[in-house]
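Chain residues, written in single-letter form:
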Amino acid sequence: MSLFLLQWVVVLLVALYAMYKGAEIVQLGLKQMGVAFKVQPRYYGAVLAGIASALPVLALAVSSVFFGQSPLVMPLVMGSALTYLLLIGGMVACVGGSIVLWEDFLKTALPVFCITVVLFVLSVQDGVLDRLEAILFLCVFCIFLGNIFVVSRAEKTAGESTQPLELFSLTSLVYVIFGLVALIVGAKFTIDMVVNIAYALSITVPLLGISVIAFLVTLPTLFLVLKALRRKDVSYALGVIIGAAVSTLLAASGFASLWSGNVIVHAMVIDIGVPILIVAAIIIFVSSLSRHFVRPVGLMMMLVFIFFLLKLTAYIG
């Protein structure tokens, strides 16, 4: 069994790598399209980059429903969102020190983030995410994307003349399609290996999804954040985190539920994940009132994430 387990782990890592590369290729194609539509780099570089980095979570959530592992969806979504907000967000605050929030974050990203958390918490309380709630999630997500596009297009520098939109090349579309294929194929093998490994270790698929797999699929966002921190652009890093979290909670769960009609919400998502998500949202909202994220807040967020992992141990065995 140990030999099979090693083989499954290797295949899982290869599949995850395929998903990461697929996300990078899709992001490259979307970036070229963003330039063609003259989306401001500040917006694209932060929130939209975060959304693109969350594509592995989206692909894995939708593929879980398609390949008959819908119990994996909500634990994966919850675990990924908490990893973005508490672990990676806490790390940004710890490294960045006092982060001054930019005005666009307070006007656009923060309200949508708060609305997203409220909608998500209210929707999962009954233990099922149905198709009507999925449509609401996706509508809010589309409004979020549309607002970013409209606002970024409206922000013209003084004296800038209005130029017609550039047509994005066919290469951009090929990148997006090829990247999506890599995401889907990688997601299929990831799901198969997660099921095999869970059975081999005698743990449930949802528990493995909310912890280990949720962390692994958030690595693209972590890499983006680390690059931003190396160039000391902490505001960019924060925008990436919020974009990834909103995309995960709304788009990943929304598309998965829309496909299946009803996605069952595991008990540990409601009992442990939802309270921790509320705590994370309160920390971010209260810190935003002062327009600063400081190092003690980052330490607090990371401690809450550790507390979340410790609470999950109650579901082992």
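Residues numbered from 1 in each chain as written. Predicted model: local features only at pLDDT ≥ 70, side-chain atom pairs only at ≥ 80, totals over all residues. Heavy atoms only, no water.

A. Seen up close, the overall build of the protein chain. Along the protein chain, the regular secondary structure elements total 12 helices and four strands. The contacts of the protein chain with a sequence gap of at least 6 include a subset with a gap of at least 24, amounting to 88%. Total accessible area computed for the protein chain in this model is approximately 14,000 Å², and 73% of it derives from carbon and sulfur atoms. (Helix = DSSP H or I, 4+ residues; strand = E, 2+ residues; numbered from the N terminus. Contact = heavy atoms within 4.5 Å. Areas by Shrake-Rupley, 256 points an atom, 1.4 Å probe, with all protein chains shown as cover.)

B. Expanded view of the confidence of the model for the protein chain. Predicted confidence across the protein chain gives a mean pLDDT of 81, with 83% of residues reaching 70 or more. The secondary structure element of the protein chain with the lowest average pLDDT is strand β1 (residues 99-100), at 64, and the one with the highest is strand β2 (residues 128-130), at 92. Considering only residues more than four positions removed or in separate chains, one finds that residues 157-166, a stretch of pLDDT under 50, has seven contacts. (pLDDT = per-residue confidence, 0-100.)

C. Representation of the side chain of S253. Within the secondary structure, S253 sits in helix α10 (residues 234-260). Within polar-contact distance, the side chain of S253 engages the backbone oxygen of L249 at 2.3 Å. For S253, the contacting residues outside a window of four places in its chain are M74, V77, F120, L129, F137 and T248. (Polar contact = N/O pair within 3.5 Å; in protein donor to acceptor, adjacent residues only side chain to side chain.)

D. Region of interest: a nonpolar patch on the surface. Together, V11, L173, I177, V181, V185 and F189 give the surface a local cluster of nonpolar side chains, amounting to about 480 Å² of exposed area. In terms of residues, the nonpolar patch owes the most to one element, helix α7 (residues 170-201), which gives five residues. Mapped onto the secondary structure, V185 falls in helix α7. In this structure V185 comes out as partly exposed when scored by relative accessible area, which is 43%. (Patch = residues over 30% accessible without salt bridge, like charges linked within 9 Å, V, L, I, M, F, W, Y side chains within 5 Å. Salt bridge = Lys/Arg side-chain N within 4 Å of Asp/Glu carboxyl O. Buried < 20%, exposed > 50% of the residue type's maximum accessible area, 1.4 Å probe, protein only.)

E. Seen up close, the pattern of salt bridges. Tallying each qualifying case throughout the model produces one salt bridge. Among the salt bridges present, the one from K188 reaches D192, with a minimum N-O distance of 2.4 Å. With K188 and D192 both in helix α7 and four residues apart, the pair spans about one turn of that helix. Using a relative accessible area of 26% as the deciding quantity, one classes K188 as partly exposed. Relative accessible area serves as the criterion here: at 27%, D192 is assigned to the partly exposed category.

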